[in-house]
Amino acid sequence: MRAWAIEVLLHRMYAINETIVALATPPGEGALGIIRLSGTDAVTIADKIFKGKNLASQPTHTIHFGRVVDSNGTAIDEVVASLYKAPKSYTGEDVVELSCHGSNYILQQVIDLCVKNGAAMAKPGEFTQRAFLNGKLDLTQAEAVADLIASQSGMAHKAAMHNLRGGFSDDLKQMRDQLITFSALIELELDFSQEDVEFADRTQFYALIQRLTEATQSLVNSFSLGNVIRNGISVAIIGKPNAGKSTLLNALLNEERAIVSEIAGTTRDTIEETLNINGLLFRLIDTAGIREHTADAIEQIGMERSREAMTRANIVVYLFDASTTTDEELNAQQQAFEAQGIKYILAGNKADLLATPMQRRDVLLLSAKNKENIQQLRQSLYDLVAEGNVRTEGTIITNARHYASLQEVLQSLQDIRQAMDTGLPGDLVALDIRRALHYLGEITGEITTEDKLDYIFSKFCIGK
Ligand SMILES: Nc1nc2c(ncn2[C@@H]2O[C@H](COP(=O)(O)OP(=O)(O)OP(=O)(O)O)[C@@H](O)[C@H]2O)c(=O)[nH]1
Ligand SMILES: [Mg+2]
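Residue numbers here run from 1 along each chain, matching the order of that chain's written sequence. Just so you know, chain letters begin at A and ligand numbers begin at 1, following the order they were written in. Under the rules for a predicted model, residues below a pLDDT of 70 receive no local features and side-chain atom pairs below 80 are neither given nor counted, while totals for whole chains, interfaces and linings still include all residues. Hydrogens and waters are ignored; side-chain quantities use all the structure's heavy atoms.

(A) Geometry of the overall build of the chain. Each helix is a run of H or I in the DSSP string that is no shorter than four residues. Each strand is a run of E no shorter than two, and both are numbered from the N terminus. Assigned secondary structure in the chain consists of 15 helices and 13 strands. Note on method: radius of gyration uses C-alpha positions; expected globular size equals 2.2 Å times residues raised to 0.38. The globule rule puts the C-alpha radius of gyration for 464 residues at 23 Å, and the 29 Å found for the chain is more than 25% above it. Seen through its principal axes, the chain has C-alpha atoms that stretch 80 × 80 × 35 Å. For every residue, the accessible area (1.4 Å probe, protein chains only) is compared with the maximum for its type, and the residue is labelled buried under 20%, exposed over 50%, or partly exposed between those bounds. Residues classed as buried in the chain amount to 48% of the 464 residues present. Residue-level accessible areas treat just the shown protein chains as cover; the underlying method is Shrake-Rupley with a 1.4 Å probe. Of the roughly 23100 Å² that the chain leaves accessible, carbon and sulfur atoms contribute 51%.

(B) Spotlight on the packing of helix α13 (residues 400-421) against helix α14 (residues 426-444). Fitted lines through C-alpha atoms give the axes, limited to the stretch in contact for helices. The angle between two N-to-C directions lies from 0 to 180 degrees. It is at 8 Å that the axes of α13 and α14 come closest, and there the two elements cross at 165°. Classed by the angle they form, the pair α13 and α14 counts as roughly antiparallel. Read as a crossing pair, α13 and α14 show a hand that is left-handed. Across the interface between the two elements, R401, H402, S405, L406, E408, V409, S412, D415, I416, A419 and M420 of α13 pack against V429, D432, I433, R435, A436, Y439, L440, E442 and I443 of α14. Asp, Glu, Lys and Arg are counted as charged, while Ala, Val, Leu, Ile, Met, Phe, Trp, Tyr, Cys and Pro are counted as nonpolar; the rest, among them Gly, fall into the polar class. The class makeup of the residues in the contact of α13 with α14 is eleven nonpolar, three polar and six charged. Working rule for angles: under 35 degrees goes down as roughly parallel, over 145 as roughly antiparallel, 65 to 115 as roughly perpendicular, anything else as oblique. Here is the rule for handedness: rotate from the far helix to the near one, and if that takes an anticlockwise turn smaller than a right angle the crossing is left-handed, while a clockwise turn gives right-handed. Residue contacts follow a heavy-atom distance rule, with two residues in contact if any of their heavy atoms lie within 4.5 Å.

(C) Focus on the side chain of D432. Positionally, D432 belongs in helix α14. Leave out the neighbours within four places in its chain, and D432 touches S412, D415, I416 and A419.

Structure below.
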């Protein structure tokens, strides 16, 4: 426990002196472009280039209209300055945000002026890194900021919001607090080892370890869904030439994305597009039709790519022409998928050409051209992923770093359990408890190193 506290102190002492500046909005033309300054000199630097009220003498959380002027007195832009004084700001430091007109030229000039007056260009994620170092956010919340910005679907957004609000941190804090109480009692026993006393009730301790193991296991299990939420589910549309794969891609997307023609072998290369179904992100891949023989070298390469897409995809939609495909062909295809452990949907296309509908219950009949049953296919795709594992409430682990640490926590808990079962001495149990605490602290960032932080924040965008 002492080692823990020292590490916390050490990282809080990590020096932050420079005032940093960056463009907080995307580069390019826009109605507005926002430049953010953070650090002890943020207000002083802003006052040097901002002509309007003197910001240093204004109260925090106020906005001021004025002009940004260069060293020759030439006006660069008319801007609005938002003032946040430490510690009540995103970073916990003095922050000034200059809302300029969104011209690349203006924004570059204003940033240059800030740098000339003493600001340093911010590194990716440096604002959020400072928020973390100043205790405004823990590491899971800081990471949730990046996830929130990157979220492309309702589910990803929801998971990130949950973590940003501290949902995951609360789970971890509860686990840690309970473990700390017990570890303190066990360490106390060690101090009285001559007297053979037991401060920590063993039955209660067993129950606690059991509860913590279950909670950790459930978080670890949520990662498979978390991964899907974060990266999307890849769906390869596979089939023979002319089955209607490209028509189906277009129907699913509701746009004419891929070229469709009656010539077999139209699609040469794979085409990937994203589709949102009930808040889940799918990556649809249209592929070149696969047939037994072709003399065409390019088609050959295309078919190779189709096979690759098929093995890499999370789900394969096997699209066939229901008006010409035999049951035997379909069974053989089905067996091949089963043998390779591929998750698949059999979709029979060109249902409009059938005099009598197909009698197979494992086939989803549709007409890509007439957009019939497309909604059913969307639902089937969603159901395949959702099958009992879409927990939309509570914490979902979407971050590989958290997942790795949680697995270590789980292992430590199992070791504690085993140490107790085999009656190992208290100091060894205490060691395992400390290990569990260490990994829990690693997730929230209470235990970390400068290198690790730099690595984590380097994946953020600049200006965040
Ligand atoms: N009748 C009917 N024709 C369809 C249907 N879907 C697609 N087609 C036609 O089938 C032909 C081939 O369609 P594509 O979407 O290009 O087929 P593909 O599977 O992408 O073919 P390749 O790219 O060559 O592998 C086109 O003439 C389409 O108009 C359907 O539901 N009914
Ligand atoms: Mg095609």
